[in-house]
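The lines below spell out each chain.
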Amino acid sequence: MGRKLLFDKAHIEGIRYYDVYRANGGYGSAEKALKSMTPEQVLDEVKKSGLRGRGGAGFPTGMKWSFIAKPEGVPRYLVCNADESEPGTFKDRYLMEFIPHLLIEGLLISSYTLGCNSCYIYIRGEYAWIPDILEQAIAEAKKNGWLGKNIQGTGFDLEIYVQRGAGAYICGEETALIESLEGKRGNPRIKPPFPAVKGLWDCPTVVNNVETLATVVPILRIGGDEYAKYGTGKSTGTKLISACGNINKPGVYEIEMNISVEEFIYSDEYCGGIANGKRLKACIPGGSSVPILPANLLLKTAKGEQRMMTYESLADGGFATGTMLGSGGFIVLDEDQCIVKNTLTFARFYHHESCGQCSPCREGTGWMKRVLHNIEHGKGKMSDIDLLWDIQRKIEGNTICPLGDAAAWPVAAAIRHFRDEFEWHVLHPDEATKRNYGLAHYADPLEIAAPAAV
Amino acid sequence: MPTIYIDNKAFEVKAGKNLLEACLSLGLDLPYFCWHPAMGSVGACRQCAVKVFKDEEDTRGRIVMSCMESVKDGLRLSVNDKTATTFRSQVIEWLMTNHPHDCPVCDEGGCCHLQDVTVMTGHNYRRYEYKKRTYTNQYLGPLVNHEMNRCIQCYRCVRYYRDYAGGKDLNVFSAHNHVYFGREKDGVLQSPFSGNLVEVCPTGVFTDKTLKEHYTRKWDLTNAPAVCQHCSLGCNVIAGERYGQLRNIVNRYNSEVNGYFLCDKGRFGYEFVNSENRVTQPLIRKRQSEAVNRATLMQHMSTLLSGHTLIGIGSPRASLESNYALMDLVGKENFYQGIPDDLVYIEQKIVDILLSGAIHTPSLKEIEQADAVLILGEDIWNTAPVMALAVRQSVMKTAATHTTEQVAIPLWHDMAVRELVQDAKGFLANMTVTASPLDEISASTMRAAPDDLARLGFAIAHILNPSLPEVPDATDAVRTQAMNISRALQQAKHPVIITGTSCWNNALVRAAFDIAAALDLTEKRAGLAFVMQDCNSLGLAMMRSSSFEKAITSAERSSNVTAIILENDLYRSVPAGQADAFFSSCKNVVVLDTLHNRTTERADVLIPAATFAEADGTFVNNEARAQCSSQVFMPANSEVRESFKWLSEIRSLKTTAGNGHEKHPDEILQALESKFPQFKGISRSAPPHDFRFHGARIPRESHRYSGRTAMQANIDVSEPKPLQDDDSPLSYTMEGYRGPAPSPLIPFFWAPGWNSGQSVNKFQLETGGSLKGGEPGVRLAEQTGVTPVFSRDIPDAFTARQDKWLLLPQYHLFGSGELSVYTEGIASQSPAPYISLSRHDAERAGLKEGDIVTVKSDGKAYSLPLSIHGSLPDGIMLVPAGLRGMDSWSWGGWVNISTVKV
Ligand SMILES: Cc1cc2nc3c(=O)[nH]c(=O)nc-3n(C[C@H](O)[C@H](O)[C@H](O)COP(=O)(O)O)c2cc1C
Ligand code: SF4
Ligand code: SF4
Ligand code: SF4
Ligand code: FES
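All residue numbers refer to position in the chain's written sequence, counted from 1. Going through the entries in the order they are written, you letter the chains from A and number the ligands from 1. For this predicted model, a pLDDT threshold of at least 70 governs which residues receive local features, and a threshold of 80 or more governs which side-chain atom pairs are given and counted, while totals over whole chains, interfaces and linings are taken from all residues.

Labelled according to an unreviewed UniProt entry, chain B appears under the name NADH-quinone oxidoreductase, originating from Chitinophaga tropicalis. A UniProt comment under Catalytic activity (unreviewed entry) is attached to chain B, and it reads "a quinone + NADH + 5 H(+)(in) = a quinol + NAD(+) + 4 H(+)(out)". UniProt positions are given in the numbering used here, feature names are shortened, and annotations may be inferred rather than shown by experiment. Quoted verbatim from the Function (unreviewed entry) field of UniProt, the annotation for chain B is "NDH-1 shuttles electrons from NADH, via FMN and iron-sulfur (Fe-S) centers, to quinones in the respiratory chain. Couples the redox reaction to proton translocation (for every two electrons transferred, four hydrogen ions are translocated across the cytoplasmic membrane), and thus conserves the redox energy in a proton gradient."

For chain A, an unreviewed UniProt entry supplies the name NADH-quinone oxidoreductase subunit F and the organism Chitinophaga tropicalis. Turning to chain A, the UniProt annotation filed under Catalytic activity (unreviewed entry) states: "a quinone + NADH + 5 H(+)(in) = a quinol + NAD(+) + 4 H(+)(out)".

Put simply, DSSP H or I for four residues or longer makes a helix, DSSP E for two residues or longer makes a strand, and each gets a number counted from the N terminus. Scanning chain A for helices and strands turns up 19 helices and 11 strands. Taking 22 Å as the expected radius of gyration for a compact globule of 454 residues, we find that chain A reaches 22 Å, a close match to that expectation. Overall size of chain A, expressed as C-alpha extent along the three principal axes, is 75 × 45 × 35 Å. Counting every position in chain A, which comprises 454 residues, the buried fraction comes to 57%. Each radius of gyration is computed over the set of C-alpha atoms, and the globule rule expresses the reference value as 2.2 Å times the number of residues to the power 0.38. Put plainly, a residue is buried at 20 or more neighbouring C-beta atoms within 10 Å of its own, exposed at 12 or fewer, and partly exposed in between, counting only other residues' C-beta atoms, which are placed from the backbone.

Let's shift gears to the interface of chain A and chain B. Throughout, a pair of residues is in contact if the C-beta atoms placed from their backbones lie within 7 Å. Contact with chain A, which involves 27 residues of that partner, is made by 28 residues of chain B. Looking at the side of chain A that touches chain B, the elements with two or more residues in it are α15 (339-353), α16 (359-376) and α17 (382-395) of chain A. Looking at which element gives the most residues to the side of chain A that touches chain B, the answer is α16(A), with eight residues. Among the residues making up the side of chain A that touches chain B, the classes are represented as 10 nonpolar, nine polar and eight charged. Classification convention: Asp, Glu, Lys, Arg as charged; Ala, Val, Leu, Ile, Met, Phe, Trp, Tyr, Cys, Pro as nonpolar; all other residues, Gly among them, as polar.

The predictor attaches a confidence to each residue, called pLDDT, with possible values from 0 through 100. Put simply, chain B has an average pLDDT of 95, and 99% of its residues get 70 or more. Predicted as a complex, the structure gets a pTM of 0.95 and an ipTM equal to 0.91.

Here, the residues flagged by UniProt with the feature "domain: 4Fe-4S His(Cys)3-ligated-type" (unreviewed entry) are residues 83-122 of chain B. The straight-line gap between the two end C-alpha atoms of residues 83-122 of chain B is 14 Å; of that span, 62% is helix and 0% is strand.

As a further point, take the domain arrangement of chain A. Residues and elements named next belong to chain A. Along its sequence, chain A is organised into domain 1 (18-230), domain 2 (240-334) and domain 3 (339-443). Once you take the C-alpha centre of each, domain 1 and domain 3 turn out to be 36 Å apart. Of the residues that constitute the side of domain 1 that touches domain 3, the class distribution is seven nonpolar, two polar and one charged. Just so you know, the domain bounds were taken from an automatic or database domain assignment.

Turning next to the site of ligand 1. All names here are of chain A. What makes a residue near a molecule or strand is its C-beta atom, placed from the backbone, lying within 6 Å of it. Residues in close proximity to ligand 1 total 26 residues, the closest being G53, G55, G172, N209 and T212. With three residues, the top contributor of residues to the shell around ligand 1 is strand β4 (residues 205-209). Looking at the shell around ligand 1 residue by residue, the classes come out as nine nonpolar, 10 polar and seven charged. Each of domain 1 (18-230) and domain 3 (339-443) contributes no fewer than three residues to the shell around ligand 1.

Residues and elements named next belong to chain B. Surrounding ligand 4, one finds 14 residues, the nearest of these being C228, C231, C235, C263 and G266. Those elements that place two or more of their residues in the shell around ligand 4 are α7 (264-268) and α13 (385-406). Here the residues of the shell around ligand 4 are counted per class, giving nine nonpolar, four polar and one charged.

What follows is about the sheet that holds strand β1 (residues 3-6) of chain B. Residues and elements named next belong to chain B. The criterion for strand pairing is that DSSP finds at least two bridges linking the strands in question. In space, the five strands of this open sheet follow the order β2-β1-β5-β3-β4, with mixed pairing throughout. Bordering the open sheet on either side are β2 (9-12) and β4 (62-65), each of which pairs with just one other strand. Strand-to-strand twist of the sheet, defined as the mean angle between neighbouring strand axes without regard to direction, takes the value 40 degrees. Axis definition: a line fit to C-alpha positions, over the contact stretch in the case of helices; interaxial angles, taken between N-to-C directions, run 0 to 180 degrees. Helix α2 (residues 82-98) contacts β3 (49-53), β4 and β5 (76-78) of the sheet and is inclined by roughly 160 degrees relative to β3.

On to helix α14 (residues 414-421) of chain B. Residues and elements named next belong to chain B. The element α14 is extensively covered by neighbouring structure, given that seven of its eight residues are classed as buried. Three or more residues of α14 are buried, namely D414, M415, A416, V417, E419, L420 and V421. Contacts from the buried residues of α14 go to α13. Residue Q422 follows α14 closely and has a positive phi angle near 45 degrees.

Residues and elements named next belong to chain B. If you walk across this open sheet you meet the three strands as β10-β11-β12, and the pairing is antiparallel. Each edge of the open sheet is held by one strand with a lone partner, namely β10 (222-227) and β12 (245-251). Averaged over all pairs of adjacent strands, the angle between their axes in this sheet comes to 30 degrees, without regard to strand direction. For β10 and strand β11 (residues 236-242), the ladder comprises six bridges, and the chain directions are antiparallel. Each residue of the ladder has a partner; that of A226, found in β11, is V237.

Another point: the pairing of strand β7 (residues 238-245) of chain A. Residues and elements named next belong to chain A. Burial analysis of β7 places seven of its eight residues in the buried class, the great majority of the element. Of the strand pairs in this sheet, β7 and strand β8 (residues 251-256) are connected by six bridges, and their pairing is antiparallel. Opposite T238, over in β8, you have E256 as the bridge partner. Between β7 and β8, which pair antiparallel and follow one another directly, the connecting turn spans five residues. As paired elements, β7 and strand β11 (residues 329-334) share four bridges and run parallel to each other. For S242, the partnering residue across the bridge sits in β11 and is G329.

So, on to the domain arrangement of chain B. Parsing chain B into structural domains produces domain 1 (3-80), domain 2 (283-343 + 540-705 + 718-727), domain 3 (360-525) and domain 4 (805-901). Measuring from the centre of the C-alpha atoms in domain 1 of chain B to the corresponding centre in domain 4 of chain B gives 56 Å.

With 416 residues, the main nonpolar core has C80(A), V386(B), M387(B) and I515(B) as its most contacted residues. Ranked by the residues each element gives to this core, the list is headed by helix α18 (residues 403-427) of chain A, at 12 residues. Setting aside anything within four residues of it in sequence, one finds I515(B) in contact with L374(B), G457(B), I460(B), A461(B), L464(B) and I497(B). Here, a nonpolar core denotes buried Ala, Val, Leu, Ile, Met, Phe, Trp, Tyr and Cys residues that are linked to one another through C-beta atoms within 7 Å.

How far a helix is expected to stretch is found by multiplying one less than its residue total by 1.5 Å. With 18 residues, α16(A) extends 25 Å from end C-alpha to end C-alpha; this agrees with the ideal 26 Å at 1.5 Å per step. Backbone geometry just downstream of α16(A) places G378(A) in the positive-phi region, at approximately 70 degrees.

Residue and element names in this part refer to chain B. Relative orientation of the contacting elements helix α15 (residues 450-464) and helix α16 (residues 476-491) amounts to 55 degrees, with a least axis distance of 9 Å. As the angle between them shows, α15 and α16 are arranged oblique. Remark: the crossing between α15 and α16 carries right-handed chirality. Seen from α15, the contacting residues are R455, L456, A459, I460, I463 and L464; seen from α16, they are V478, R479, Q481, A482, M483, I485, S486 and Q490. We call two directions roughly parallel when the angle between them is under 35 degrees, roughly antiparallel when it is over 145, roughly perpendicular when it lies between 65 and 115, and oblique otherwise. Here is the rule for handedness: rotate from the far helix to the near one, and if that takes an anticlockwise turn smaller than a right angle the crossing is left-handed, while a clockwise turn gives right-handed.

Now the structure itself:
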């Protein structure tokens, strides 16, 4: 069994409620931080832990926190990003639903560290039932002196507010989230200025993912150095992975970042192998935005090394032969799955979720969706594949926020690794409409496909 | 000045600009959509991409948005780089995926920024082969048309409408490539600055509905630089004609005056020129056949001149040339202003202040740049709309400058600046009789009678300069407010005080002067801006003639008076009783005017005058800037002539001498200047009539003007000789000098590759800066450093009287204009006449909303419905001024209510 830091007590009956959580050592880290440590000392532990943001980009959390501006007389805000809308990602939901106090304790410690007296949880609108759970946990924490004024007699004040989003993926992007919190249309801002300097209501603001903030609790419990001993290299600690697709055991797993992808997919502790005795075809290991990899490149890097469930190893080979850990939304495709269809599904999503602010994303995503729709439905042309490639190339890196990239990468990777599947759709229009799955041979080891163009 | 390298060539550019501004200022063609010189950058459209390089060695470079990168010394960029140019054409391809390509039926065609940029980027082949998204259009009122399918989602409209102009009812809805720009539901756009959407929108989404009624392509218009006729600000406009009809008005950039924007009254209020109600034929009344030809008219006029006492009534809406020609005809001592004594008195005060040289009067641009503004009494939203827009910019920009000074964010970075600023605002104190839309951006407001506002002003002046008298019996509230305002004015570097004549109260003008002069003594450059009532109010006032009351007296003294009334409906200018009294003491009444009105009904002789569009003329705006408005077209009807031409011809009847030479307008100005030193320099406000470029004139028509050989074919198949314009260097042709014309003579903005109004970039020294060769117009009043003479004369506090009310006019942006209401879309937004009292006064008098109240003013009784006014101080009766068909009342006087009908 892999070591757990977040879900170690998840199995305990009633852990959702304060009494059980507290009886099992809950709020111990907060007590330690607030009563015996200065904010600087807490920050130090977080830095030592090597914790990287779990929202997708993997930016070192300690470093992010140290950037927050501290002008005199200006409030600072901590915003917990619970917008979790990336297809394939549902780890934060589990955490908030079953161990809400872990998040609240994490928010308390983090707010203390950053010097924030107000903290917002911005939660995805579709998680309709979770705000109630959070509100209840907040009320319990408040009743027991962990929130409100003069927390546990330390003189530190904190209020946590839960704000529901209205169902826009883009509001998970931190600056759009801030706009939305301010009551405006959720359009991303251009950076600089960064939120750490001018964020919510023009005040210094830190935006962190739910998991990131919850992880602060075990870090304080065991210490930053100890935490850093978990995992491998710069991928310290444990990571929540929400696994889905054609596997035997879909679900949310906490893994230590020292296991291989192969182990994660095939071991009974985790995904339990491919469902229905099928073979693995491809996988999108970090949520819909990261590049898809065919089985051969997924399990082994281009250099022939075993691919590990770490930030570095998954990114090995860059976009040509690698991918990203992203938000940990692990989507597995078996041999029957059609890459074109899958790509179309994602393209449709990104088109729908584009905020409509900048031209490449607003217009490019819809166009890609339509081209893919044609190919998928047997109406494609060979030149469409190059057209797709061209459109995504022009979107990537040329938009205001990373949603443009997130829309471009899945298309790029699909063409890069599965170009012949697109070609097959074009060449076999009748079959393409009848047979709703792709070519199966990617399950077998293959030569590394050459990128279509650079 | 930093040096940047564009495609390996070194250029010196201005620091603080972004790369797009730098490139455009250098005259390079770089396409853009979401950036606008008046609104800065948001980096959304991605059209302005260029490549920047780390250093000389860097050959790969990276794509950046030029509108989002600051100029830095030594920076290297490429506009022509292949990746950059392909990317720019890719952006157009994206934008074009959904664009309907309906240019042939689109009103924007031919002056379309999207067309310009599409051609500029070289995108020409469509790879997108799917259905385009479509939208439902909205009814946005009578002035602006909506055709959403053409939208390219540049967000300029909402940024202009909401952020720049403070409108609330236009917004962006929905998401991805279905974002929608419109209102929540169909309805009339609420902002009186909505017409600028027509020019702000780079495509044909928002177009001019009035133009649609008689549509003409930009290239087919005959254009001339003109000056707006609808208020005293003198916004610069371009007016376009075809087939003898005025077709549209667009903004004429003048960085000192209106910048990029007009108000809706100025843009759409031109239809009077085409009105059926125009006076088209000389008339001699009480004859069998009243319509006469020119010779008969002249014969008749010579009988009216000889042996008669002449009285000339001038006009605040007629040009200086015409006013002066009338003065020249009747003699200075017989020339009167045609406005009431009280107003003449206030205007004289203003003229004295301006000409004394003791104070600086700011341009609209300077008002935009003010860092504290005090409005004393004047309802500028209604009387000087574009000034209200400028004040809004001052309030927003002060806050922006303030916050960006603390963080290293350039002012052009609009999105970031707005985030930084949030709700912070610069200082504006709006001290007026009634509420105004400016209140919501004001730090301080006050609702009081004019005298009390003036007392507040004197209290401020006293705090600023304790040697000035203290206001006796000032209330604590006034003291506190005076204290706060004076503190804000003192802290500012460029405070501006605004007042005007619409309260009919001279104490306001004096108080405003004392404040500004007191500030000036503290080593600041304070500005004092006045708002007048009409487009040439100040010009006429500067001629320093007597009031209408004096004209009545002199008419009554003589039994044989021939009055010549120039472009002035006296029933709108003076109380009706006075107008009647005047007419009954005149033997002959000669009226020159453009439209039939109640004064023309009283005329024994009626002479058709040219409107501004058919005339050359000089107007002095509220900042004493003399500006020339050029003739846009010659009326086909030769009986319609500029008043000054008629008047000069009539004058020649008096003198036997003379060589028959018709005076050119510039010659009239020279005569004016030599007679009146206060007009010194005015003849330089535009180049003289014989100005030429190597013998060539400046054509009013574009080189693409079509149909010249055919448009008259129904009359005569041979092409007619082009009309000769002897009065100005502009010609009625397509041929002539096409280089940069002197700014007063720019007939329209066009540059190769830039058919849209955005071509103004090519006429500016730098984007958003001065026109090359300086702004048109000559300022006749400059500060000279003369020691100011303070007024010190403080009025008593206003006390409401028993059963009597102080009568004040309420001006309405839509409705109060004599000429603008000829545009149906403006008339339909005009309020119905009413009488307003405060709630308390109405209750005390036992009156309810809608009760018909009869009031006597100047011997005449008027019955109108009561409208209870929430923000009106007690003791004041407010009546809308100058609505169609309404008399002028004795503003500033006291009235009582005679009867009430429930
Ligand atoms: C389009 C888009 C959607 C995003 N959605 C989420 C989200 O749902 N949850 C999240 O934590 N971060 C999301 N992010 C990342 C955030 O912008 C931000 O980087 C993150 O919240 C930072 O937290 P971390 O440092 O703890 O990872 C999104 C980013 C983009 C561009
Ligand atoms: S990339 Fe897409 S989501 Fe991001 S700002 Fe541009 S249009 Fe909006
Ligand atoms: S309506 Fe016009 S200004 Fe507004 S976003 Fe569309 S194209 Fe731009
Ligand atoms: S503000 Fe006055 S001068 Fe300017 S456009 Fe409006 S009416 Fe004309
Ligand atoms: S003009 Fe630069 S991005 Fe739109």
